[in-house]
Amino acid sequence: MTEPVEAGPQTAPAQENSVPWAAVAWFGLLLMVCYFPVLKRLAHDWYIDEDMGHGFFVPAVAIYVAWQRRQSILSKAYRPDYLGLLPLLLGAALLAFGTFGVELFVTRIAFLSSLFGVLLTLGGWPLVYELSFPLVLLLFMVPLPSVIYYQITFPLQLLASQVAETLLSLVGIPVLREGNVLHLPSQDLSVV
């Protein structure tokens, strides 16, 4: 006679849709170490440039948005996609090029490319899709190169000074405009 086999406690099958948190933490730490000089200089630029003071808040907002989507992130199935090694290699090449060429914008974009590559490698396209909005937000923490920045802002300064000159003349205040500087009877104003 055979004895009945007692059913032991049932174990749940391993979840294949869990986020590889250990790998995310490890590669996140590696990214921070590799890009520490770049991120340190970026934070310094946020501190000294009044036009980029919002840079301190951008990563916090991106993390908050990702945190708000955590239920959706945790409910998806993730598999590594080794196509993510391409943006990682691109990030490494951009970091080397930007470091040797002393181009800060390129090194900062290299960090974002590497971050994208790590997420794609570890979680595939579903993870990148879930984090697409926070990743796009991170672009706003990188200052534009000065050449592009002044190409955009200088025409706007001239337009604002022309509008201000017209409005001041309409209300009867004498004004003389030279470029983006308004000369009033009592003071000079620069439109910046």
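Just above, that's the structure.
Residues numbered from 1 in each chain as written. Predicted model: local features only at pLDDT ≥ 70, side-chain atom pairs only at ≥ 80, totals over all residues. Heavy atoms only, no water.

Let us look at the pattern of salt bridges. Using the criterion set out here, one finds five salt bridges in the structure. Of the charged contacts in the structure, one is a salt bridge between Lys-76 and Glu-130, with a shortest N-O distance of 3.4 Å. With Lys-76 in the loop between α4 (70-75) and α5 (85-100) and Glu-130 in helix α6 (residues 104-130), this residue pair connects regions lying 54 residues apart in the sequence. Its relative accessible area of 31% is what places Lys-76 among the partly exposed residues. Each member of the salt-bridge network shares a partner with another, and the members are Arg-41, Asp-45 and Arg-108. (Salt bridge = Lys/Arg side-chain N within 4 Å of Asp/Glu carboxyl O. Helix = DSSP H or I, 4+ residues; strand = E, 2+ residues; numbered from the N terminus. Buried < 20%, exposed > 50% of the residue type's maximum accessible area, 1.4 Å probe, protein only.)

Turning our attention to helix α3 (residues 57-68). Between the first and last C-alpha of α3 there are 16 Å, a value that for twelve residues agrees with the 16 Å anticipated at 1.5 Å per step. Considered for burial, the residues of α3 that qualify are Val-58, Ala-62 and Val-65. Taken around the axis of α3, the buried residues stretch over an arc of 65°, which confines them to a single face. Every exposed residue of α3 that faces more than 90 degrees away from the buried side is listed here: Phe-57, Ile-63, Tyr-64 and Trp-67. Along its buried surface, α3 packs onto α7 (132-138). (Expected span 1.5 Å × (residues − 1). Arc of directions from axis to C-beta. Contact = heavy atoms within 4.5 Å.)

Bringing α6 into the picture now. Counted at 1.5 Å a residue, the expected span for α6 with its 27 residues is 39 Å, but the 29 Å between its end C-alpha atoms falls short. Along its length, α6 shows its largest kink, about 125°, at Gly-123, and proline Pro-126 lies within four residues downstream of that point. Across the 27 residues that make up α6, a large majority, 20, are buried. (Bend = angle between axes of the 7 residues up to and from the residue.)

Right, let's talk about the packing of aromatic side chains for a bit. Counted under the stated rule, the structure contains four aromatic pairs. With a centroid separation of 5.4 Å and an interplanar angle of 70°, the aromatic rings of Tyr-35 and Phe-111 are classed as edge-to-face. On the criterion of sequence distance, the pair formed by Tyr-35 in the loop between α1 (21-34) and α2 (36-48) and Phe-111 in helix α6 is long-range, its members being 76 residues apart. Pair check on accessibility: Tyr-35 and Phe-111 agree, each one buried. Geometrically, the ring pair formed by Tyr-149 and Tyr-150 is edge-to-face, given 5.4 Å between the ring centres and 75° between the ring planes. (Phe/Tyr/Trp six-rings, centres within 6.5 Å; stacked < 30°, edge-to-face > 60°.)

These figures come from the coordinates and say nothing about function on their own.
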